[in-house]
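The residues making up each chain are set out below.
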Amino acid sequence: MRPDYVLKVLESGERVDGRKMDQFRDIKVETGIIQRAEGSARVKIGKTDVIVGVKMDLGEPFPDVPDMGVLRTGAEFTPIASPDFESGPPGEDATELARVVDRGVRESESIDLEKLCLKEGEKVWTVFVDVHIINHDGNLIDASALAAVAALKTAKMPKLEKDKIIRDKLEKKLPILHEPITVTVGKVSDKFIIDPIKEEEEVLDSKVSIAIREDGKICAMQKSGNLSLTVEDAEKMIDLAVKKSKDIRKFL
Amino acid sequence: MEETREIVIPGEILGDAKENKSSHGTYVEDGKIISKFLGISKKKGDYLSVIPLSGVYIPRREDRVIGFITSVEKVGWIVDINSPWEAFLSLSEAVDEFVDLKKVNITRYYDVGDVIYAQVVDTRRGDIQLSMNTPIARKLRNGVTINITPSKVPRLIGKEGSMINTIKEKTNTIIRVGQNGVVWISGEKIERAIKAIKMIDEKSHILGLTDEISKLLSD
Amino acid sequence: MVMKTKEKLIVKGKRLDGRKPDELREIEMKVGVIPNANGSAQVMFGNTVAVAGVYGPRTVHPRHLQEYDRAIIKCRYNMAPFSVEDRARPGPSRRSSEITKVTRLALEPALFLKDYPKTAIDVYIEILQADGSTRVTGINAASLALADAGVPMKDLVVALSGGKIDDTIIVDLCGKEDNYSEADIPCALMPRRKEITLLQMDGRLKPEEVKTIIKNVLKAGEEVYEKQKDALKKRYEK
């Protein structure tokens, strides 16, 4: 579909797939799909399909927080998922997505990182959260963030026997304290939309991704797109994101 | 003439080369006629052929296609016809009158972004030539385009246009279908027409499709 | 790489996961899993999961790589960081580069490249979970994805690994068997004419043993072929 048509439909308050402006596509969440990873989840929002895998390893803590485990988030936009993705190291979009997902998990204090400390200043658990896009049809951030939290929530820690990791035996669950939900709100002329498909994303003026914790607190925000927002816009988008996050939370 | 249809896979043996003739979508090896595609096998008389169930558009002479002008050259335009190869529309095949290139900018005829309904006149691969020198050829304005799998185009059109005409009537639209899988729609209930067209693209192989489409359009 | 282990890998004719030497793991194949791709498939052999996506034939970028009389096929084999035991750094490695190359050579003979001059067919393989025999699982997925994309093929490409553990010849090596086997022999073939398009080996074996393994793999490959056929036909059933 040509961008001018998609734009025209949006400006008239409708969407090319018949959804309401604030309606999510069908969402499916499956956890534990990569059994050999410590945690995993596959999320489909419409045709967007992403997998997040959680792996754990021993490592050193950051010097400024010697008693806390380490969280590392990565994302791969491999060309299998879209003709727009190229091979090579992560570009700015993949890097941004990884950092936005990371921020949501980190700032919400989702993982109880203090419980991941084995020897202060020397040895801690490192939690790797890796996002792998399988099919890109828009709204990768919300799908990836949801998959990340679903994967972390169901992740189990490998057994530690005298400093050796035994992955075959997964024991306790990864200590999770909070569950952030990320909702991206897009703006096009004077309209706000939720869950844009790829063709809608291409005509948005700007968008804001907001991570909301289960207690209603906002933990992270990211605006992208090259047009500015008024303060009123920002407030409306925050309210909309908080409202919609309740719809998504039931999938966790 | 007997027509049998069955889903076959690449490498599947369809018949003996002594008793049958290899037609579109098949090849001959070791005296056997073999399918090249995942598709529907057809037998018409002696001829064994396979129609692929999916695949990119391969231009054929006389095909009518819908294309998008992507660049203006000195004596013509480059056109995207949803195929692995770009097509070229030469000035001489696009314009009847004499054009003085020193005085005239050819964008007055066609410019980047224009949508055209044209005919394929030459198909040396990698060098596809289009022409507007046919009565149906025209610029398509104020419409919407969507893509379907090229091999599904006959299904979308239907026997003697029955399927596409039904969609046009029920949605009050003008629809042009390119053999290259690009469909142009203009008119009233565009979204409903798009839904019907997409359904045919996704479910072309099932029985009872005509009824499902009628139901969708009658709502 | 062959690691030594005291553990017996075959006990009373049964392998670690209970299989007989010539038995395959549970196989699942699904065609048409990536809507954006022209063709795609997901294949699982036990815990090894590969997904393949085919884009094309399409124009070649950069242009100077195009061939005037045929399509070029480009491949990329990649492992997701969470697919292996110890999380892998994302990005290509020497191993994935080599597998990319042999995968391309395993698929190329089956394609009618001359039908699409000056174009490219891009095949992407992502390993989502690795438990041995990842390259052959990827090749099976790629074969299905190519057929699903409507690329004309002489035949499907069927792939399977063979090896020897505890003096017993086996097929379809899982991860642990891969690590401790006396040999790991991945193969790919065009099943109708039994023409081999991939043949590699790691290990130390007598020539006769190698030949036997190849024969066993070809025989067991018939079951893989049936699975591919079923998966393709199922794509269009309703």
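Owing to the predicted nature of the structure, the values given are computational and were not obtained by experimental measurement.

Visitor: Would you take a moment to explain the interface of chain A and chain C for this structure?
Guide: Accessible area lost when the parts come together is the quantity often used to give the size of an interface. Taken residue by residue, the interface counts 28 residues in chain A and 29 residues in chain C. Summing the contributions of chain A and of chain C, the shared interface buries around 2500 Å²; its carbon and sulfur component is 55%. Our count for the chain A to chain C interface comes out at 3 salt bridges. As a salt-bridge pair, Asp86(C) and Arg167(A) come within 2.9 Å of each other at their nearest N and O atoms. Seen at the junction of chain A and chain C, the total is 16 residue pairs in polar contact (both at pLDDT 80 or more). Only strand 3 (48–59) and strand 6 (123–135) of chain A provide two or more residues apiece to the side of chain A that touches chain C. Among the residues making up the side of chain A that touches chain C, the classes are represented as 10 nonpolar, 9 polar and 9 charged.

Visitor: I tried to follow the pattern of salt bridges on my own but got confused; where do I start?
Guide: Residues and elements named next belong to chain A. If you walk through the whole model with that rule in mind, you get 54 salt bridges over all chains. With its nearest N and O atoms 3.6 Å apart, the salt bridge here joins lysine 119 to glutamate 122. For glutamate 122, a relative accessible area of 47% translates into the label partly exposed. One continuous salt-bridge network, built from bridges that share partners, spans Arg15, Asp17, Arg19, Arg25, Asp137, Asp195 and Glu200.

Visitor: How should the environment of Val151(C) be read in this particular structure?
Guide: Secondary-structure assignment places Val151(C) in the loop between helix 2 (134–148) and strand 8 (158–165). The class for Val151(C) is buried, based on a relative accessible area of 2%. Separated by 40 residues in sequence, Val151(C) and Leu111(C) have C-alpha atoms that sit 7.4 Å apart. Look past the residues within four positions of Val151(C) in its chain and what remains in contact with it is Lys36(B), Phe37(B), Pro57(C), Leu111(C), Ile121(C) and Leu146(C).

Visitor: Please explain the packing of aromatic side chains as it appears in this structure.
Guide: The geometry of an aromatic ring pair comes down to the distance between the two centres and the angle between the two planes. Summed over the entire model, instances satisfying the criterion amount to 5 aromatic pairs over all chains. Between Tyr27(B) and Phe112(C) the ring centres are 5.0 Å apart and the planes differ by 70 degrees, which places this aromatic pair in the edge-to-face class. Of the two residues, Tyr27(B) sits in strand 4 (residues 26–29) while Phe112(C) sits in the loop between helix 1 (94–107) and strand 7 (119–129), which places them in two different chains. On the accessibility criterion, Tyr27(B) (8% relative accessible area) is buried. Residue Phe112(C) is classed as buried on the basis of its relative accessible area of 17%. In this arrangement the basic side chain of Lys36(B) is found over the ring face of Phe112(C), its NZ or CZ atom lying 4.5 Å from the centre. For Lys154(C), the ring lying beneath its charged end belongs to Phe112(C), and the centroid distance is 5.6 Å.

Visitor: Please explain the interface of chain A and chain B as it appears in this structure.
Guide: In this assembly, 6 residues from chain A lie in contact with 10 residues from chain B. Summing both sides of the interface, chain A and chain B together bury roughly 640 Å²; the carbon and sulfur share of this comes to 51%. Put simply, chain A and chain B have 0 salt bridges between them. One can count 1 residue pair in polar contact (both at pLDDT 80 or more) joining chain A with chain B. For the side of chain A that touches chain B, a count of residues per class yields 4 nonpolar, no polar and 2 charged.

Visitor: Would you take a moment to explain the nonpolar core for this structure?
Guide: Side chains of a nonpolar character, in soluble globular proteins, are inclined to be buried together. Among the nonpolar cores identified, the biggest contains 95 residues, and Trp77(B), Leu89(B), Tyr110(B), Leu130(B), Leu107(C), Val123(C) and Leu146(C) are the most heavily contacted of them. Counting residues per element, this core draws most heavily on helix 4 (residues 207–235) of chain C, which supplies 10 residues. Dropping the residues within four chain positions of it, Leu107(C) is found in contact with Ile73(C), Cys75(C), Val123(C), Ile139(C), Ala142(C), Ser143(C), Leu146(C) and Val157(C). Ile194(A), Met237(A), Ile248(A) and Val49(C) belong to the second largest nonpolar core, which has 68 residues in total.

Criteria and cut-off values
Counting of residues starts from 1 at the beginning of each chain's written sequence and follows it residue by residue. Each chain takes a letter, starting from A, and each ligand takes a number, starting from 1, following the order in which they are written. Note on the predicted model: pLDDT of at least 70 is required for a residue's local features to be given, and 80 or more for side-chain atom pairs to be given and counted; whole-chain, interface and lining totals, by contrast, use all residues. Side-chain numbers here rest on the full set of heavy atoms in the structure, without hydrogens or water. Contacts are residue-level and defined by heavy atoms, with any inter-residue pair within 4.5 Å sufficient. Buried surface area refers to the total accessible area, computed with a probe of radius 1.4 Å, that the two partners give up upon joining, counted for both partners together. Basic side-chain nitrogens of Lys or Arg form a salt bridge, by our definition, when they fall within 4 Å of a carboxyl oxygen of Asp or Glu. Any pair of nitrogen or oxygen atoms within 3.5 Å is treated as a polar contact; in protein, a donor-acceptor pairing is required on top of that, and neighbouring residues in sequence qualify only through side-chain atoms on both sides. Note on conventions: DSSP H or I runs of at least 4 residues are helices, E runs of at least 2 residues are strands, and numbering of each starts at the N terminus. Any residue that is not Ala, Val, Leu, Ile, Met, Phe, Trp, Tyr, Cys, Pro, Asp, Glu, Lys or Arg is counted as polar, Gly included; the first ten are nonpolar and the last four charged. Buried residues are those whose accessible area, probed at 1.4 Å on protein chains only, stays under 20% of the maximum for their type, while exposed residues exceed 50% and partly exposed ones sit between those limits. Each aromatic pair joins two rings of Phe, Tyr and Trp (for Trp, the six-membered one) with centres within 6.5 Å, and gets the label stacked for planes under 30 degrees apart, edge-to-face for over 60, and tilted for any other angle. Charges are assigned to positions over rings by a cutoff of 6 Å between ring centre and Lys NZ or Arg CZ, combined with an angular limit of 35 degrees from the ring normal. The set of buried Ala, Val, Leu, Ile, Met, Phe, Trp, Tyr and Cys residues whose side-chain atoms join them within 4.5 Å is what this entry labels a nonpolar core.

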